Amino acid sequence: GKTDLFDHDNVKIVTVFFGANDASDLELNPRHHVPLERYKSNMKEIVSLARGSFGEDVNIIFIAPPPVCHDARLKFQKDKYKSNMK
């Protein structure tokens, strides 16, 4: 059956993994870019949700993506997906 993500007892640590899209630059990837203030607000909401579900003493670890080199990433994507490009 389906298990509720927050239906657990004695949670001590919550890990939150962010992907490369979370670090997208406005000019180079406007579709995935999240403005800094919204990013901060989202992080606060995640903390609030975790603490509200697991208690104020839960430890929360944010794992951020590595820096993105947009030029190298674009080249990789073009090389990898060139057969799908029109």
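Residues numbered from 1 in each chain as written. Predicted model: local features only at pLDDT ≥ 70, side-chain atom pairs only at ≥ 80, totals over all residues. Heavy atoms only, no water.

Looking now at the overall build of the chain. Helices and strands together make up the secondary structure of the chain, namely two helices and two strands. Starting at the N terminus, the α and β elements of the chain follow one another as β-α-β-α. Compactness check: the chain gives a C-alpha radius of gyration of 18 Å against a globular reference of 12 Å for 86 residues, more than 25% above the reference. By its C-alpha atoms, the chain is 50 × 35 × 20 Å across when sized along the principal axes. Here the chain, with 86 residues, has 14% of them falling under the buried criterion. Long-range pairs, those at least 24 residues apart, make up 70% of the contacts in the chain between residues at least 6 apart in sequence. Each charge class in the chain can be summarised by its mean position, and for the 13 positive and 12 negative side chains these summaries are 10 Å apart. (Helix = DSSP H or I, 4+ residues; strand = E, 2+ residues; numbered from the N terminus. Rg over C-alpha atoms; globule rule 2.2 N^0.38 Å. Buried < 20%, exposed > 50% of the residue type's maximum accessible area, 1.4 Å probe, protein only. Contact = heavy atoms within 4.5 Å. Lys, Arg positive; Asp, Glu negative; His and termini not counted. Charge placed at Lys NZ, Arg CZ, Asp CG, Glu CD.)

Quick look at helix H1 (residues 36-54) now. Because each turn of an α-helix spans 3.6 residues, side chains separated by three or four positions end up pointing in the same direction. End to end, H1 covers 27 Å across 19 residues, agreeing with the expected 27 Å (1.5 Å per residue, within 8%). Taken as a whole, H1 has its buried residues at Tyr39, Ala50 and Phe54. The buried side chains of H1 occupy one side of the element, clustering within an arc of 15° when seen end-on. In H1, the exposed positions angled more than 90 degrees off the buried face are occupied by Glu37, Arg38, Lys44, Glu45 and Gly52. For H1, the elements touching its buried residues are strand S1 (13-17) and strand S2 (59-63). Remark: Gly55 follows H1 within two positions and exhibits a positive phi of approximately 105°. (Expected span 1.5 Å × (residues − 1). Arc of directions from axis to C-beta.)

Counting eight residues, the largest nonpolar core consists of Val14, Val16, Phe18, Tyr39, Ala50, Phe54, Val58 and Ile60. At the level of secondary structure, the elements contributing two or more residues to this core comprise S1 and H1. Tallying contributions element by element places H1 first for this core, with three residues. The residues touching Phe18, leaving out its near neighbours within four places in the chain, are Tyr39, Met43, Ile46, Phe62, Ile63, Ala64 and Pro65. (Core = buried A, V, L, I, M, F, W, Y, C linked by side-chain atoms within 4.5 Å.)

Enumeration according to the criterion identifies two aromatic pairs in this entry. Here the aromatic rings of Phe18 and Phe62 are separated by 5.7 Å at their centres, their planes lie at 25°, and the arrangement is stacked. With Phe18 in the loop between S1 and H1 and Phe62 in strand S2, the pair connects residues that are 44 residues apart, well separated along the chain. One aromatic cluster is present, built from ring pairs that chain together Phe18, Tyr39 and Phe62. (Phe/Tyr/Trp six-rings, centres within 6.5 Å; stacked < 30°, edge-to-face > 60°.)

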